[in-house]
Amino acid sequence: MDIRTLDALAIHQHNCQTAREVEVALEVDRLLRLLEFPFESTWVDLRFDPLLAEHSASKVTAMAINGDVHGVAEIRLQPLFLFHDFRTFFEEVIPHEVAHVVLSARRICDGSDNSKPHDDEWVELVSEINPDCEPAAKVKGEFDDRPIKIHKGGLVCTCDCCDLDSIAVFPNTASTAQKLKSEELACSHCFSPYRKTPQEDWPAELKPCLAFYQQLIDFKAIHPILSR
Ligand SMILES: [Zn+2]
Ligand SMILES: [Zn+2]
């Protein structure tokens, strides 16, 4: 699937391939311009990255020269979540990340402290962008990060709940092994302890979820020249 052309003034490079990604990118562009992000001197690189563990991440690498911010702002978004809960992604994740890059640029410009990303000023800006959303360090959408965790080598465990509800993915560590052994990891719905479950016993419903995620990874174009 090809990279879509995007009529966005504030975004210099991106890897949008689906209609949903284009819609998200246009909203990011609209907000950056509305909030007067210095996109003429700070290039915005918008990336849908299926390997991202969180819903989003961003980084502004720039410096102030004669009162202008010069550099690169990288915004990364998890494309899988666009299919789980597009509305929350659009209404909450976008304001969350746009507020980060806008504030970072402002603070680089005036040299003020940017060490606490989710501080009061950030909360205020997110609320200004979307008065209906509850600003939080992690957006609580109907996002299912289990395929991502499994892909990253997480340990698949199951409880007595049904189908997909029975699956939890834990870090594949000695500490998890210990907690499974002592039955410390229990489901909050059926209260049964989680058990390490071999692949052949995974619920059948998991297969299409993992296949969909793999497909997303496979068709996400990677441009090595633009990657950093
Ligand atoms: Zn954040
Ligand atoms: Zn359960």
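Conventions adopted
- Residues numbered from 1 in each chain as written.
- Chains lettered and ligands numbered in written order.
- Predicted model: local features only at pLDDT ≥ 70, side-chain atom pairs only at ≥ 80, totals over all residues.
- Helix = DSSP H or I, 4+ residues; strand = E, 2+ residues; numbered from the N terminus.
- Buried ≥ 20, exposed ≤ 12 C-beta atoms within 10 Å, placed from the backbone.
- Pairing = 2+ DSSP bridges.
- Contact = placed C-beta atoms within 7 Å.
- Axes fitted to C-alpha atoms, helices over the stretch in contact; angles between N-to-C directions.
- Domains from an automatic or database assignment.
- Nonpolar A, V, L, I, M, F, W, Y, C, P; charged D, E, K, R; others polar.
- Parallel < 35°, antiparallel > 145°, perpendicular 65-115°, else oblique.
- Left-handed = near helix turned anticlockwise from the far one by under 90°.
- Right-handed = clockwise from strand over helix to strand, strands pointing away.

1. Notes on the overall build of the protein chain
Alright, step 1. Across its full length, the protein chain holds seven helices and seven strands.
Alright, step 2. Listing every helix and strand of the protein chain by position from the N terminus yields β-α-β-β-β-α-α-α-α-β-β-α-β-α.
Alright, step 3. Along the three orthogonal principal directions, the C-alpha set of the protein chain runs to about 60 × 40 × 35 Å.
Alright, step 4. Within the span of the protein chain, comprising 228 residues, buried residues form 28% of the whole.

2. Brief notes about the sheet that holds strand β2 (residues 42-48)
Alright, step 1. Pairing is mixed across the open sheet formed by four strands, whose spatial order is β1-β2-β4-β3. Strands at the two margins of the open sheet, each flanked by one partner only, are β1 (13-14) and β3 (56-65).
Alright, step 2. Here β3 runs beside strand β4 (residues 68-77); their pairing, made up of 10 bridges, is antiparallel. Bridge pairing links Ala62 to Gly71 in β4.
Alright, step 3. Along the sheet face, helix α1 (residues 19-34) touches β1, β2 and β4 and points at about 155 degrees away from the line of β2.
Alright, step 4. Docked against the sheet, helix α3 (residues 86-110) engages β2, β3 and β4, running at close to 20 degrees with respect to β3.

3. Examining the sheet that holds strand β6 (residues 167-170)
Alright, step 1. Across the sheet, three strands lie side by side as β6-β5-β7; this open sheet has antiparallel pairing. Each end of this open sheet is capped by a strand with a single partner; those strands are β6 and β7 (195-196).
Alright, step 2. Both strand β5 (residues 155-158) and β7 contribute to a ladder of two bridges, which runs antiparallel. Bridge pairing links Thr158 to Arg195 in β7.

4. Observations regarding the domain arrangement of the protein chain
Alright, step 1. Looking at the protein chain, the domain boundaries give domain 1 (13-141) and domain 2 (146-218).
Alright, step 2. Centre-to-centre separation of domain 1 and domain 2, based on C-alpha positions: 31 Å.
Alright, step 3. Opposite the four residues of domain 1 that make contact, domain 2 presents five residues.
Alright, step 4. For the side of domain 1 that touches domain 2, a count of residues per class yields four nonpolar, no polar and no charged.

5. A word on the packing of α3 against helix α4 (residues 120-129)
Alright, step 1. Close contact between α3 and α4 brings their axes to 9 Å; oriented N to C, the two are set at 125 degrees. By the criterion of interaxial angle, the relationship of α3 to α4 is oblique. Note on packing geometry: the crossing formed by α3 with α4 is right-handed. Residues Pro95, His96, Val98, Ala99, His100, Val102 and Leu103 of α3 lie in contact with α4, whose contacting residues are Glu121, Trp122, Leu125, Val126 and Ile129.
Alright, step 2. Split into classes, the residues belonging to the contact of α3 with α4 amount to nine nonpolar, two polar and one charged.

6. Description of the pairing of β2
Alright, step 1. Burial runs high along β2: five of the seven residues are buried.
Alright, step 2. As defined by bridge partners, β1 adjoins β2 across two bridges and the pair is classed as parallel. Looking across to β2, one finds that Gln13 is bridged to Asp45.
Alright, step 3. Between the parallel pair β1 and β2, the chain is carried across by α1, and the sense of this crossover is left-handed.
Alright, step 4. Of the pairings in the sheet, the one linking β2 to β4 comprises seven bridges and is parallel in character. When the sheet's bridge partners are listed, Phe48 is paired in β4 with Leu77.

7. Considerations on unusual backbone geometry
Alright, step 1. Of note in this structure, Asn66 is not a glycine but carries a positive phi near 50 degrees.
Alright, step 2. Positionally, Asn66 belongs in the loop between β3 and β4.
Alright, step 3. Overall, the presence of 5 C-beta atoms within 10 Å leaves Asn66 in the exposed class.
Alright, step 4. With phi around 65 degrees, Phe191 is a residue other than glycine that occupies positive phi space.
Alright, step 5. Inspection of the secondary structure assignment puts Phe191 in the loop between α6 (174-181) and β7.

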